[in-house]
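Results of the structural survey
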Amino acid sequence: MNVSAAISSGAAQIATAPDRAANARRDAELLLRFVLECRREELLANPLREITAQQSERFNQLVAERVSGRPIQYIVGTQQFWGLEFSVNPDVLIPRPETEHLVESALDLVWTNRAFRVVDVGTGSGAIAIAIARERPMAEVLALDISAAALEVARATAERHQLADRIPLR
């Protein structure tokens, strides 16, 4: 099977779920990119690229997960937020685009050239705390969550973006 056929097949399967039909092709492309570990440009530039039987099997498993209703972000384990890639899994909520408005409002209050203390209660993935820490290097940002599993997810993202030393997670 080649890339083009896999995307078409995956999109057709995903489209059978009524609430996923609108984004079926995008989801199929994203899942195939995840399996092939490539960027979108590489995928689209090589529609006749053959995929191995193992890659095809893995892709079909992921498509079945998507059809069953599992969020694409949990399948691939990441979500973009504030221009950064965040780790996500069922232990945390998926960062929503609307939450970026909250970060913008907080940044209006936390000036660039002054030290501030910011506390993110119920940090989950750490999206808010990490975004603020990235934008305001002088801010002291504390991220709190009752869930140890959520704190591990936030810690992984903070380390990926080299902010773990600036964000105590408790």
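The text that follows walks through the structure, step by step, so that each part is easy to find. (Residues numbered from 1 in each chain as written. Predicted model: local features only at pLDDT ≥ 70, side-chain atom pairs only at ≥ 80, totals over all residues. Heavy atoms only, no water.)

**Quick look at the nonpolar core**
Generally speaking, soluble globular proteins have nonpolar side chains that are buried together. Core analysis: the largest hydrophobic core is formed by 23 residues, its most contacted members being Phe-81, Val-103, Ile-130, Val-141 and Ile-167. Among the elements of the structure, strand E2 (84–87), helix H6 (99–109), helix H7 (127–135), strand E4 (140–144) and helix H8 (148–160) are those that each provide at least two residues to this core. Excluding residues within four positions of it along the chain, Ile-130 makes contact with Leu-84, Phe-86, Ser-125, Ala-154, Thr-157, Ala-158, Leu-163 and Ile-167. (Core = buried A, V, L, I, M, F, W, Y, C linked by side-chain atoms within 4.5 Å. Buried < 20%, exposed > 50% of the residue type's maximum accessible area, 1.4 Å probe, protein only. Helix = DSSP H or I, 4+ residues; strand = E, 2+ residues; numbered from the N terminus. Contact = heavy atoms within 4.5 Å.)

**Looking at H8**
Between the first and last C-alpha of H8 there are 18 Å, a value that for 13 residues agrees with the 18 Å anticipated at 1.5 Å per step. Within H8, burial applies to Ala-150, Leu-151, Val-153, Ala-154, Thr-157 and Ala-158. When H8 is viewed along its axis, its buried side chains cluster within an angular range of 160° and face the same direction. Those residues of H8 that are buried lie in contact with E2, H7 and E4. Between a side-chain oxygen at the N-terminus of H8 and the backbone nitrogen of Ala-149 the separation is 3.4 Å; the capping residue is Ser-147. (Expected span 1.5 Å × (residues − 1). Arc of directions from axis to C-beta. Polar contact = N/O pair within 3.5 Å; in protein donor to acceptor, adjacent residues only side chain to side chain.)

**Comments concerning the packing of helix H1 (residues 3–14) against helix H4 (residues 53–67)**
Two measures define how a pair of helices packs: the angle their axes make with one another and the distance between the axes. One can describe the packing of H1 onto H4 by two numbers: an axis separation of 9 Å at closest approach and a directional angle of 25°. The orientation of H1 relative to H4 falls into the category roughly parallel. Considering how the two elements wind past one another, H1 and H4 form a crossing that is right-handed. Across from Ala-6, Gly-10, Gln-13 and Ile-14 in H1, the residues of H4 making contact are Phe-59, Asn-60, Val-63, Arg-66 and Val-67. For the contact of H1 with H4, the class distribution of residues is five nonpolar, three polar and one charged. (Axes fitted to C-alpha atoms, helices over the stretch in contact; angles between N-to-C directions. Parallel < 35°, antiparallel > 145°, perpendicular 65-115°, else oblique. Left-handed = near helix turned anticlockwise from the far one by under 90°. Nonpolar A, V, L, I, M, F, W, Y, C, P; charged D, E, K, R; others polar.)

**Some thoughts on the packing of helix H2 (residues 24–36) against H4**
Axis separation between H2 and H4 bottoms out at 9 Å; the angle between their running directions is 140°. With respect to H4, the axis of H2 lies oblique. Pair H2 / H4 crosses with right-handed handedness. Every residue of H4 that contacts H2 at Asp-27, Ala-28, Leu-31, Leu-32, Phe-34, Val-35 and Leu-36 is listed here: Gln-55, Arg-58, Phe-59, Leu-62, Val-63 and Arg-66. Residue composition of the contact of H2 with H4, by class: nine nonpolar, one polar and three charged.

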